[in-house]
Amino acid sequence: MNTKLNEYIEKLASTHQLSLDAYEYVITHRDEEAAEWLARKARDISQSIYGKSIYVRGLIEFTNICKNDCFYCGIRKDASCSRYRLDQEDILECCAEGYDLGFRTFVLQGGEDAYFNDARLCDIVSKIHTLYPDCAITLSVGERNKESYQRLFDAGASRYLLRHETADRDHYHKLHPSSMSFSHRMRCIQDLRDIGYDVGIGMMVQSPYQTAHHLAEDLKFVETFHPEMCGIGPYITAKDTPFHDQPSGSVELTLYLISILRLIYPPMLIPATTALGTLDPVGREKGVLAGANVVMPNLSPVGVRRKYQLYDNKICVGDESAQCRHCLENRMDRIGYTVVTDRGDIKLWD
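Residues numbered from 1 in each chain as written. Predicted model: local features only at pLDDT ≥ 70, side-chain atom pairs only at ≥ 80, totals over all residues. Heavy atoms only, no water.

A. Quick look at the overall build of the protein. Of regular secondary structure, the protein possesses 14 helices and 9 strands. For a compact globule of 350 residues, the expected C-alpha radius of gyration is about 20 Å, and the protein comes in at 19 Å, within 12% of that figure. Referenced to the eigenvectors of the C-alpha coordinate spread, the extents of the protein come out at roughly 60 × 45 × 40 Å. Within the span of the protein, comprising 350 residues, buried residues form 58% of the whole. In the protein, the share of contacts with a sequence separation of at least 24, taken over all contacts with a separation of at least 6, comes to 74%. For the protein, the accessible area works out to roughly 13800 Å², and carbon and sulfur atoms hold 48% of it. (Helix = DSSP H or I, 4+ residues; strand = E, 2+ residues; numbered from the N terminus. Rg over C-alpha atoms; globule rule 2.2 N^0.38 Å. Buried < 20%, exposed > 50% of the residue type's maximum accessible area, 1.4 Å probe, protein only. Contact = heavy atoms within 4.5 Å. Areas by Shrake-Rupley, 256 points an atom, 1.4 Å probe, with all protein chains shown as cover.)

B. Layout of the pairing of strand β4 (residues 136–140). With respect to burial, β4 is a largely interior element, 5 of its 5 residues being buried. By the alternation rule, side chains of β4 split into Ala136, Thr138 and Ser140 and Ile137 and Leu139, which are all buried. By the bridge criterion, 5 bridges tie strand β3 (residues 105–110) to β4 in an arrangement that is parallel. For Phe106, the partnering residue across the bridge sits in β4 and is Ile137. Taken together, β3, helix α5 (residues 118–131) and β4 form a β-α-β motif whose crossover is right-handed. Of the pairings in the sheet, the one linking β4 to strand β5 (residues 159–161) comprises 2 bridges and is parallel in character. Note on β5: the bridge partner recorded for Thr138 is Arg159. Note that the unit made of β4, helix α6 (residues 146–155) and β5 has a crossover that is right-handed. (Pairing = 2+ DSSP bridges. Right-handed = clockwise from strand over helix to strand, strands pointing away.)

C. Up close: empty space enclosed by the protein. Under the counting rule described, the total for this entry stands at 2 cavities of 30 Å³ or more. In this structure, the largest cavity occupies an estimated 1100 Å³ of space. Lining the largest cavity are 48 residues, and of these Gln109, Arg163, Glu165, Tyr308 and Leu310 lie nearest its centre. Those elements giving two or more residues to the lining of the largest cavity turn out to be β2 (58–63), β3, β6 (198–205), β7 (229–234), α11 (274–279) and α14 (321–334). If you trace the second largest cavity, you find 13 residues lining it, with Arg57, Thr138, Arg159, Leu161 and Met229 closest to the centre. (1 Å grid on protein atoms, 1.4 Å probe; cavity = no way out; pocket = protein on both sides within 12 Å on 5 of 7 lines; lining within 4 Å. Points joined across faces, edges and corners; volume = space filled by probe spheres on them.)

D. Region of interest: α14. For α14, which comprises 14 residues, the first-to-last C-alpha distance of 20 Å matches the rise-based estimate of 20 Å (1.5 Å per residue) to within 8%. For α14, the set of buried residues is Ser321, Cys324, Arg325, Leu328, Arg331 and Met332. Looking down the long axis of α14, one finds its buried residues gathered within 135° of arc, a one-sided arrangement. α14 presents Asp333 and Arg334 as exposed residues on the side facing more than 90 degrees away from its buried surface. The inward-facing, buried residues of α14 abut β1 (53–56), α4 (88–100), α12 (283–289), β8 (294–295), α13 (302–305) and β9 (338–340). At the exit of α14 stands Gly336, carrying a positive phi of roughly 90°. (Expected span 1.5 Å × (residues − 1). Arc of directions from axis to C-beta.)

E. Region of the structure containing helix α9 (residues 212–225). Here α9 contains 14 residues, and its C-alpha end-to-end distance of 20 Å stays within 8% of the 20 Å for a straight helix at 1.5 Å per residue. Most of α9 sits out of view: 11 of its 14 residues are buried. Where α9 ends, the next residue or the one after it, His226, has phi of about 50°, a positive value.

F. Molecular detail of the pattern of salt bridges. Counted by the stated rule, this structure contains 21 salt bridges. Across the salt bridge formed by Glu252 and Arg30, the nearest N and O atoms sit 2.7 Å from each other. Here Glu252 is found in helix α10 (residues 251–264), whereas its partner Arg30 is found in the loop between α2 (20–28) and α3 (32–50), with 222 residues between them in sequence. Measuring nitrogen to oxygen at the nearest pair gives 2.9 Å for the salt bridge that ties Lys220 to Glu223. Remark: Glu223 and Lys220 occur in helix α9; sequence separation between them is 3 residues, near one turn of the helix. On the basis of relative accessibility, which here comes to 25%, the residue Lys220 falls in the partly exposed class. The network of salt bridges with shared partners includes Asp118, Arg144 and Arg151. (Salt bridge = Lys/Arg side-chain N within 4 Å of Asp/Glu carboxyl O.)

Any link to function would need more than the numbers given here.
Next comes the structure, spelled out in structure tokens:
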């Protein structure tokens, strides 16, 4: 490892911040030795806060209908995928099964589907909150206005995932149609923080047109915003999108960035994503060993899982919920970690 890279990694580990240029240098000059060293530091600091506990989130993909036409997304408005939406009864059945399996966080994720207006979604959230008061409710339903976010928060949702995808304005507009706004996306993220949600952001690694400088901007955004969660995964190509012929991203770089994220904000909740497992059979295990501490098994009905294809060849689309839960439990056990029945709140850290 060269001296300058060594100095930057040591500085990041001790101060949890770097300049934009330093982040870019750490990315562009990485090597196997640096990756191993960063992963070791990331594991150590994660275990000092969370031990070897891995938190599980029960993911319910309740609609693949979306008004947006993001150029990378397999459920974009103009995609020819088979559409579906779950009704309230379906969603509550997923929660009941998940609760019995030990889940204490439910993540309701879907496209920006106008059918789920504030009245309908608040009713669903309120019922889940009433039935399972010991559980956290996370929403991942895209951009809404601040009043909508407040109503959902008042109904019982306490966490919200809204991946920023890229912290660079110009890059954002290369990934999205002109109807979407970088400023509005960032405004939504700040609105969520102002209301009091635990906020999750995240980005794709090696998405089309992405540079090391763009990734450095992402890291700087995490450093300044301090999200409660940051989900990153390799970009994976989706058919029937404008990027269908673009190469997928790198597991290696994603793991390297997970370790950096852990050093930037040590208590942050970082998932080992399904995308990692899609590109590498042991990608999620590698994610945990790089510093991640969350996994998100799927609670969606098996009959709709193949329809929620944000990218090609997504794993676990044919597994029952119990299979997903126990499979991940066994995978984590093999690398010395334990899946715990817990809300998995972020822990205080000095």
